[in-house]
Amino acid sequence: MSTLPPCPKCGSEYTYEDGPSLICPECAHEWSALASAETPAEGDKVIRDSVGNVLQDGDTVSVIKDLKVKGSSLVVKVGTKVKGIRLCDGDHDIDCKIDGIGAMKLKSEFVKKV
Ligand SMILES: [Zn+2]
């Protein structure tokens, strides 16, 4: 049986491969098979950084814009390196500890893997 993923746009299971691409015959959506090859088993949520790198627990990231720390006057400056991130669920999907600030949560869209 085919192990091709369903169409991400319309959910059709009748996708087929065309070279490096996957194509949906129902809505004509075309996307890269390479990207889906990195996708872990069903049920695992993939968290990507601002440029599309897949993030994992323990990664080091750098902040790509100044971020205000909720409930304080502190700001995490752009370029701040954050070591040993932990992925979590929710709106802010990265749990981490930042030097001089402490434990906080970040959004993956505002970081870049180092
Ligand atoms: Zn489709």
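What comes next concerns the included structure.

Here is what the cut-offs are and how they apply
Residues numbered from 1 in each chain as written. Predicted model: local features only at pLDDT ≥ 70, side-chain atom pairs only at ≥ 80, totals over all residues. Heavy atoms only, no water. 1 Å grid on protein atoms, 1.4 Å probe; cavity = no way out; pocket = protein on both sides within 12 Å on 5 of 7 lines; lining within 4 Å. Points joined across faces, edges and corners; volume = space filled by probe spheres on them. Helix = DSSP H or I, 4+ residues; strand = E, 2+ residues; numbered from the N terminus. Nonpolar A, V, L, I, M, F, W, Y, C, P; charged D, E, K, R; others polar. Pairing = 2+ DSSP bridges. Donors = N, O, S within 2.8 Å, 3.2 Å for Na, K, Ca; no water. Tetrahedral: all angles 85-135°; square planar, octahedral: opposite > 155°, others 65-115°. Buried < 20%, exposed > 50% of the residue type's maximum accessible area, 1.4 Å probe, protein only. Contact = heavy atoms within 4.5 Å.

**With respect to the layout of surface pockets**
- Approximately 250 Å³ is the volume attributed to the second largest pocket.
- Lining the second largest pocket are Leu67, Lys68, Val69, Lys70, His92, Met104, Lys105, Leu106, Lys107 and Phe110.
- Of all elements in the fold, only β5 (67-68) and β10 (102-106) reach the threshold of two or more residues within the lining of the second largest pocket.
- Counting residues per element, the lining of the second largest pocket draws most heavily on β10, which supplies 3 residues.
- Taken together, the residues that form the lining of the second largest pocket break down as 5 nonpolar, 1 polar and 4 charged.

**Details of the sheet that holds strand β4 (residues 61-63)**
- Read across the sheet, 3 strands follow the order β7-β4-β11 without closing on themselves; strand pairing throughout is antiparallel. The open sheet is flanked by β7 (81-82) and β11 (111-113), the only strands paired with a single partner.
- By the bridge criterion, 2 bridges tie β4 to β7 in an arrangement that is antiparallel. Bridge assignment links Val61 to a residue of β7, and that residue is Val82.

**Observations regarding the coordination of the zinc ion**
- Bound to the zinc ion are the protein donor atoms Cys7 (SG), Cys10 (SG), Cys24 (SG) and Cys27 (SG), situated 2.3 Å from the metal.
- Viewed at the metal, the 4 donor atoms of the zinc ion are separated by angles of 105 to 115°, and the geometry they form is tetrahedral.
- In this structure Cys24 comes out as buried when scored by relative accessible area, which is 1%.

**A short note on the sheet that holds strand β8 (residues 86-87)**
- Strand order in the open sheet formed by 3 strands is β8-β9-β10, with antiparallel pairing between adjacent strands. Two strands lie at the open edges of the sheet, namely β8 and β10, each paired on one side alone.
- Relative to strand β9 (residues 94-98), β8 is paired through 2 bridges, and the arrangement is antiparallel. Bridge pairing links Leu87 to Ile94 in β9.

**So, unusual backbone geometry**
- The backbone of Ala28 shows a phi angle near 65°, a positive value even though the residue is not glycine.
- Following the sequence through the fold, Ala28 ends up in the loop between β2 (21-23) and β3 (30-32).

**What to know about the environment of Ile101**
- Mapped onto the fold, Ile101 is located in the loop between β9 and β10.
- The partly exposed category is assigned to Ile101, whose relative accessible area is 25%.
- A C-alpha to C-alpha distance of 9.9 Å links Ile101 and Ser72, two positions 29 residues apart in sequence.
- Not counting residues within four places of it along the chain, the set of residues in contact with Ile101 comprises Val69, Leu74, Val75 and Val76.

**Some thoughts on the pairing of β9**
- Alternating residues of β9 divide into Ile94, Cys96 and Ile98, all buried, and Asp95 and Lys97, none buried.
- As defined by bridge partners, β9 adjoins β10 across 5 bridges and the pair is classed as antiparallel. In the strand pairing of β10, Asp95 is matched with Lys105.
- Between the antiparallel neighbours β9 and β10 lie 3 residues, among them Gly100 with a positive phi of about 85°.

Limitation: the analysis is restricted to geometry and does not speak to function.
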